[in-house]
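For reference, the chains in residue letters:
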Amino acid sequence: MMGMFRNVLKNMAVLLAAGMLFSTSSQAEVIGEPAPDFTLKSRSGENVKLSELRGEVVMINFWASWCAPCRQEMPLLEDIHKKYSELGFVLLGVNVEEDSSKAAELLREIPVSFPILYDNTNAVSKLYKVVAMPTTVMVDRNGTMRYLHRGYLPGYEEEYIKQVKELIRE
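All of the points below concern the structure found in this document. (Residues numbered from 1 in each chain as written. Predicted model: local features only at pLDDT ≥ 70, side-chain atom pairs only at ≥ 80, totals over all residues. Heavy atoms only, no water.)

Considering the state of the cysteines
Linking two cysteines covalently through their sulfur atoms gives a disulfide.
Step number 1: Going through the model one piece at a time under the given rule, you end up with 1 disulfide.
Step number 2: In this model cysteine 67 forms its disulfide with cysteine 70; the gap between the sulfur atoms is 2.3 Å. Judged by the torsion about the S-S bond (85°), the cysteine 67/cysteine 70 disulfide is right-handed. For the pair formed by cysteine 67 and cysteine 70, the shared burial category is buried. (Disulfide = S-S within 2.5 Å. Buried < 20%, exposed > 50% of the residue type's maximum accessible area, 1.4 Å probe, protein only.)

Right, here's the structure in full:
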């Protein structure tokens, strides 16, 4: 019985690994709907309202401290923020945890300079139908959601950069 259980687990691991190998692209959904407006408190204590960022390309990254891919992605997002922020690009990191102290701990380990917002009630996460961690939404200068990425695997940041460049050029 134990041997059969081990074989099932091994087969599941092989299937999972195969799926990971073949998903090197984030398979971003292309969307064209207006980005739902929201206002959230930032870690600096200010309110940030999405509609006030009209005219900028905005990347909204929903994340949680318990999410290993979020931790892996965070320094890469910081690099994108630093490289493109002077070109009309804003990155908003939206933490989805009720207890923001966990986010603060993570941000001490992995410091970032882009705005971190707190969605403690998950109201904004629900607006954006977030079902995976992390979830990243690209919003164009007109406030239209253009790309949706669910999850993160190494290499997705290359697709983010392509999309940021595309939207900045428009």
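Resuming the write-up.
Quick look at the pattern of salt bridges
Step number 1: If you walk through the whole model with that rule in mind, you get 6 salt bridges.
Step number 2: A salt bridge links glutamate 166 to arginine 146, with the nearest nitrogen and oxygen atoms 3.5 Å apart. Of this pair, glutamate 166 sits in helix α5 (residues 156–169) while arginine 146 sits in strand β8 (residues 145–150), and the two are 20 residues apart along the sequence.
Step number 3: On the basis of relative accessibility, which here comes to 18%, the residue arginine 146 falls in the buried class.
Step number 4: Among the ionic contacts, a cluster of salt bridges with common partners joins Asp140, Arg146, Glu166 and Glu170. (Salt bridge = Lys/Arg side-chain N within 4 Å of Asp/Glu carboxyl O. Helix = DSSP H or I, 4+ residues; strand = E, 2+ residues; numbered from the N terminus.)

Concerning empty space enclosed by the protein
Step number 1: Applying the stated rule across the entire model yields 1 cavity of 30 Å³ or more.
Step number 2: Estimated volume of the largest cavity: approximately 50 Å³.
Step number 3: Every residue along the wall of the largest cavity is listed here: Leu50, Ser51, Leu53, Arg54, Glu56, Val58, Val139, Asp140 and Gly143.
Step number 4: When the residues that make up the lining of the largest cavity are grouped by side-chain class, the tally is 4 nonpolar, 2 polar and 3 charged. (1 Å grid on protein atoms, 1.4 Å probe; cavity = no way out; pocket = protein on both sides within 12 Å on 5 of 7 lines; lining within 4 Å. Points joined across faces, edges and corners; volume = space filled by probe spheres on them. Nonpolar A, V, L, I, M, F, W, Y, C, P; charged D, E, K, R; others polar.)

Brief notes about the sheet that holds β8
Step number 1: Strand order in the open sheet formed by 8 strands is β1-β8-β7-β4-β5-β6-β2-β3, with mixed pairing between adjacent strands. Since the sheet does not close on itself, it has two edges, and those belong to β1 (29–30) and β3 (47–49), each with one partner.
Step number 2: Most of the contacts of α5 go to β8, to which it runs at about 175°, and overall it touches β4 (57–63), β5 (89–95), β7 (135–139) and β8. (Pairing = 2+ DSSP bridges. Contact = heavy atoms within 4.5 Å. Axes fitted to C-alpha atoms, helices over the stretch in contact; angles between N-to-C directions.)

Concerning the environment of leucine 107
Step number 1: Of note, leucine 107 is situated in helix α3 (residues 101–109).
Step number 2: Exposure remark for leucine 107: the relative accessible area of 6% places this residue in the buried category.
Step number 3: Along the primary structure leucine 107 and methionine 74 are separated by 33 residues, whereas in three dimensions their C-alpha atoms are 9.3 Å apart.
Step number 4: Discounting residues that sit within four places of it in the chain, leucine 107 has contacts with Arg43, Trp63, Val112, Ile116 and Tyr118.

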